[in-house]
Amino acid sequence: MLQTSIQAIRALIVFTIITGVAYPLIVTGIAQFAFNEQANGSLLREGDKVIGSRMIGQSFSDPKYFWSRLSATSPMPYNGASSSGSNQGPTNPALKDAVAGRVKELREAGGDASKRVPVDLVTASGSGLDPHISPAAAEYQIPRVAKVRNLPEEKVRELVQKHTEDRQLGFLGEPRVNVLMLNLTLDTAR
């Protein structure tokens with residue numbers, strides 16, 4: 001029995017070193033070498049200041065910007081350390097109230113009341129961190145952004161099209177627009 005216990009302890013130590021130390025170090029090293037930008041958060045910098053990440057959504061509420069999807073992370077929206085959805089189903093009154101409130105907010109900010117509000121502008125993603133909106137969600141916001149920025153709608157539409165990413169590998173996912181990248185480009189548009 002003592003010998004079996006000693007073998008079990010040795011196996012525990014060996015596998016702890018292999019799976020708990022060596023493997024994570026190797027994977028981290030490969031990630032840093034082969035995918036350095038992504039492994040470090042795909043951060044965008046302005047000088048020494050971090051202004052965002054290509055991979056984590058941010059909150060925009062100023063009418064001159066395109067607005068992101070909602071975030072249900074806690075204790076604050078777009079908290080990268082707490083990825084989660086709201087877990088509210090379609091029959092949940094709280095979800096219905098939140099959607100109605102967001103639709104009202106979008107329309108009061110200058111949205112066309114005759115057009116349907118795209119669903120991704122009134123619901124959160126599963127992670128609460130999605131940096132993208134659908135092209136339809138961007139299209140819905142073009143009149144507001146163009147008016148507030150005093151830009152022609154066609155110019156803003158061109159910027160949206162320029163920032164629309166296609167499906168991955170041509171068939172995975174849906175076309176999408178990275179909100180932060182689009183808003184940064186808008187800040188330099190004339």
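Note that the coordinates shown come from a computational prediction; the quantities given were computed from them, not determined experimentally.

Caption draft 1: Quick look at helix 5 (residues 153-162). Every buried residue belonging to helix 5 is among Val-156, Arg-157, Leu-159 and Val-160, and all of these are buried. Take helix 5 and look down its axis: the buried residues cluster within an arc of 160°, on one side only. Facing away from the buried side of helix 5, by more than 90 degrees, are the exposed residues Gln-161 and Lys-162. At its buried positions, helix 5 is contacted by helix 4 (135-149), strand 4 (164-165), strand 5 (176-178) and helix 6 (179-188).

Caption draft 2: How the structure looks around the sheet that holds strand 3 (residues 132-133). Within the open sheet, the three strands sit side by side as 3-5-4. Their pairing is antiparallel. Since the sheet does not close on itself, it has two edges, and those belong to strand 3 and strand 4, each with one partner. Sheet topology places strand 3 next to strand 5; two bridges connect them, and they run antiparallel. Directly across from His-132, in strand 5, lies its bridge partner Asn-178. Against the sheet, helix 6 makes contact with strand 3 and strand 5, and its axis sits at roughly 55° relative to strand 5, the strand it touches most.

Caption draft 3: Quick peek at the packing of helix 4 against helix 5. The contact between helix 4 and helix 5 brings their axes to 9 Å, and the two run at 140°. By the angle between their axes, helix 4 is oblique relative to helix 5. Relative to helix 5, the crossing made by helix 4 is right-handed. Here Ala-138, Glu-139, Ile-142, Pro-143, Val-145 and Ala-146 of helix 4 come into contact with helix 5, specifically with Glu-153, Val-156, Arg-157 and Val-160.

Caption draft 4: Examining the packing of aromatic side chains more closely. Tallied over the entire structure, the rule returns one aromatic pair. With a centroid separation of 5.5 Å and 45° between ring planes, the pair formed by Phe-60 and Tyr-65 is classed as tilted. Taking the relative accessible area as the measure of exposure, Phe-60 reaches 17% and is therefore buried. Above the plane of the ring of Tyr-65 lies Arg-149, whose end atom (NZ or CZ) is 5.1 Å from the centre.

Caption draft 5: Molecular detail of unusual backbone geometry. Of note in this structure, Tyr-78 is not a glycine but carries a positive phi near 60°. Tracing the chain through its elements places Tyr-78 in the loop between strand 2 (49-53) and helix 3 (93-108). The phi torsion at Leu-169 lies on the positive side, around 60°, for a residue other than glycine. Positionally, Leu-169 belongs in the loop between strand 4 and strand 5.

Cut-offs applied
Residues numbered from 1 in each chain as written. Predicted model: local features only at pLDDT ≥ 70, side-chain atom pairs only at ≥ 80, totals over all residues. Heavy atoms only, no water. Buried < 20%, exposed > 50% of the residue type's maximum accessible area, 1.4 Å probe, protein only. Helix = DSSP H or I, 4+ residues; strand = E, 2+ residues; numbered from the N terminus. Arc of directions from axis to C-beta. Contact = heavy atoms within 4.5 Å. Pairing = 2+ DSSP bridges. Axes fitted to C-alpha atoms, helices over the stretch in contact; angles between N-to-C directions. Parallel < 35°, antiparallel > 145°, perpendicular 65-115°, else oblique. Left-handed = near helix turned anticlockwise from the far one by under 90°. Phe/Tyr/Trp six-rings, centres within 6.5 Å; stacked < 30°, edge-to-face > 60°. Lys NZ or Arg CZ within 6 Å of the ring centre and 35° of its normal.

These figures come from the coordinates and say nothing about function on their own.
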